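# A closer look at the structure
Here is what each chain is made of, one letter per residue.
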Amino acid sequence: MIGKLYIDGQWVDGSGEAWEVVCPVSEKVIQWLKLGSESDMDDAIEAASAAFPLWARTTYSERSGYLHRIAQGIEENRGVLVDLQMRNSGKPFAEAEIDVAAAVETFRYYANLISGVPDSRSVDIGVDGFSAAVVYEPIGVAGLIVPWNFPMVTTSWKVAPALAAGCTVVVKPSEFTPLAEMALASIIDKARLPAGVVNFVPGRGELVGRKLVEDPRVRKVSFTGSSGVGKEIMRQCAGTVKNVSLELGGKSPILVFDDADIDEALELVVSGIFYNAGQMCSATSRLLVHESISRQFIEKLVERCTEITVGAPSEGAQMGPLVSKAHFDRVKEMVERGSKVSGAAIVAGGKSSIRKSKGFFYEPTLIEITDPSHELWQEEIFGPVLAYMTFSSEEEAISLANDSAYGLAATVSTSSSDRASRVARQLEAGFVTVNAPQIVSPLLSWGGFKESSLGRELGVYGLSAFQEVKSMLFKV
C-alpha cells in the first residue's frame, strides 16, 4: 500500500497533488502517489483524537506488547526495507542495513523500557495527614514530522516513545522518501493497534505540515529537519502553546590533536562527513587539525577522498547520491559561491562526479578555510563537503569548535585521556565522541545545544518528551 495514505486503520487515496518519487541514482520515477491534502490531514488528526482516550488507558504492559510486534515485523521484513531504502534514497547496502537495524532496536528498547513500569510513584512530602503521588500521563495527539535523510530511523525515534507514553500519532513523512516510511506503516498496521492510534500522511510541509502543527487538537509536535523550518514551527506552536521538540541543524567539529593516531583519526574524519553522503545533521563537517601535523594529515585525507567510490548501491559503492535534484543544486551552488569568496580554497573534489552521467552524485569535497566567519565554515551544507582549519593550541581549538550557532555533535581525536576528558567537557555539543565514531544507541540521549535542538530524543528522555507530569495530593 505504498502509494496510499494510512488513516484510521485504513489505506486511502490521497486527495492532494500527484507526486513523482524519483530514484536519486537513475533519476527515474519509481513510484507515483497522490500526496495528502489538508483535508486528509484533518481526517488523520480526527482519527488520532478519537482513538486517544482508549489508547491512553492501556497499560504499559499492553503497549509493550504492541511495540514488540512492530519490532518483530520490521525484523521479518528486513530485506524488503533495505531494498526500499536503497531504491528511494540511494543508500549503499551497508548503510541501509544499519537504518533498518536501528528501527528494530528502537522499538524493542521502548517495549522493554515500559514493561512492568508503574505510571506513578508515591512521594513523602513530610506533612502528616497527607499523601502524594506523581503521575506520568500521555500528552495527547502527537504530530511527528520526519526528514528524508534517515527514513524509518527518525520515525522510529518518535513513534516508539510516543506510543509507549500512550500518545496517538500522526506522522508526516517526507514526500521525497515515502517508500520505506509507508512500508513501516504497513508493518504497524499488521501489529493490529486500535484504529486511529497511528496515521501516516505524506505531503508538503507548507500544506499538511502546517495543518498538523497549527491544529489545536494536536498537543505535541516533534520535528526533525532544517533550522529555518524548525524556527517557523516553534512560532506556529506558540498559537496554541503546544509542547514542541525540535532536532535541527548542525555544523559539528572534529578536533585532531598532534598526539592523535593518524590512521584512526582519518577514519573518524572520513566516516564523520561522508557517511550518507554527508546528509546528516550530526555530520562532523568542520575539521580542526593541529598545525604541526596538518600537512601530513591533509595529504593523506586528500588521498582518501579520491579513493572513495561514489555510485549506485548495486555497484557496491561506498557513497551514494544526494537525495534530489533540488538538494544537489543547493549543495553545488553553496560550494561554488563560497569558494569564490576569499578565505576558502577547494583542495579536493568540489563538483558533481564526472564518473556518472545520471544521478545526483557529488564528489567528496575538502575545502581549506582561513576565515572562521566564512559561510562554508559556519553554514550547514548537508552534503559530502568538509571544511578544515588549523589550530596551534588546545584553547584555540575549543574556541573555534564552539564558535557556531549549532551544538549537536563533536568528535575528539587524541591519545591523552586527560586532554580527552578536559576537551570533551568544554565542547558545546549534546553528543561527544572521543576516538570513536558516532554510535547512536537508544539507551543514550540525542539532541544538542544552542540552535541544534529543543529537547532530547532516545533514552528515558525520549519517553518523557511525550508525557505530562501531574502531582496529586490527598488528605488521608
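One can find the structure itself at the top, above this paragraph.
To keep things clear, this report deals only with the structure shown in the data block.

Of the two faces of strand 12 (residues 253-256), the one lined by P253 and L255 and the one lined by I254 and V256 are each fully buried. Pairing between strand 12 and strand 13 (residues 286-290): four bridges, direction parallel. Opposite I254, over in strand 13, you have L287 as the bridge partner. Handedness of the β-α-β unit built from strand 12, helix 9 (residues 262-274) and strand 13 comes out right-handed. In the sheet, strand 12 pairs with strand 18 (residues 409-413) via three bridges, with the strands oriented parallel. Paired with L255 across the strands is V412, a residue of strand 18.

Our next topic: the sheet that holds strand 5 (residues 120-123). Hydrogen bonding along the main chain pairs the strands of a sheet, whether they run parallel or antiparallel. One open sheet accounts for three strands, arranged 5-6-22; its pairing is antiparallel. In this open sheet, the two strands that pair with only one neighbour each are strand 5 and strand 22 (467-475). Taking each pair of neighbouring strands and ignoring which way they run, the sheet shows an average axis angle of 20 degrees. Two strands pair when backbone bridges link them, and strand 5 and strand 6 (residues 130-138) are joined in this way by four bridges, in the antiparallel orientation. Of the residues in strand 6, the one forming a bridge with S122 is A133.

All right, on to helix 11 (residues 325-339) then. With 15 residues, helix 11 should reach 21 Å at 1.5 Å per residue; the first-to-last C-alpha distance of 21 Å fits that figure. Residues of helix 11 that are buried: H327, F328, V331, M334, V335 and G338. Buried residues in helix 11, looked at end-on, bunch into an arc of 135 degrees, giving them a common side. Of the surrounding elements, those touching the buried residues of helix 11 are strand 14 (344-348), strand 15 (365-369), helix 12 (375-378) and strand 16 (385-391).

Turning our eyes to something else, we now look at the pattern of salt bridges. Going through the model one piece at a time under the given rule, you end up with 29 salt bridges. Across the pair R304 and E307 runs a salt bridge whose closest N-O atoms are separated by 3.7 Å. Residue R304 and its partner E307 are both found in helix 10 (residues 294-307); the two are separated by three residues, about one turn of the helix. The closest approach of N and O atoms between K325 and D329, which form a salt bridge, is 2.8 Å. Pair noted here: K325 and D329 are both in helix 11, with a separation of four residues, about one helical turn.

Definitions and limits used
Residues numbered from 1 in each chain as written. Predicted model: local features only at pLDDT ≥ 70, side-chain atom pairs only at ≥ 80, totals over all residues. Heavy atoms only, no water. Buried < 20%, exposed > 50% of the residue type's maximum accessible area, 1.4 Å probe, protein only. Helix = DSSP H or I, 4+ residues; strand = E, 2+ residues; numbered from the N terminus. Pairing = 2+ DSSP bridges. Right-handed = clockwise from strand over helix to strand, strands pointing away. Axes fitted to C-alpha atoms, helices over the stretch in contact; angles between N-to-C directions. Expected span 1.5 Å × (residues − 1). Arc of directions from axis to C-beta. Contact = heavy atoms within 4.5 Å. Salt bridge = Lys/Arg side-chain N within 4 Å of Asp/Glu carboxyl O.

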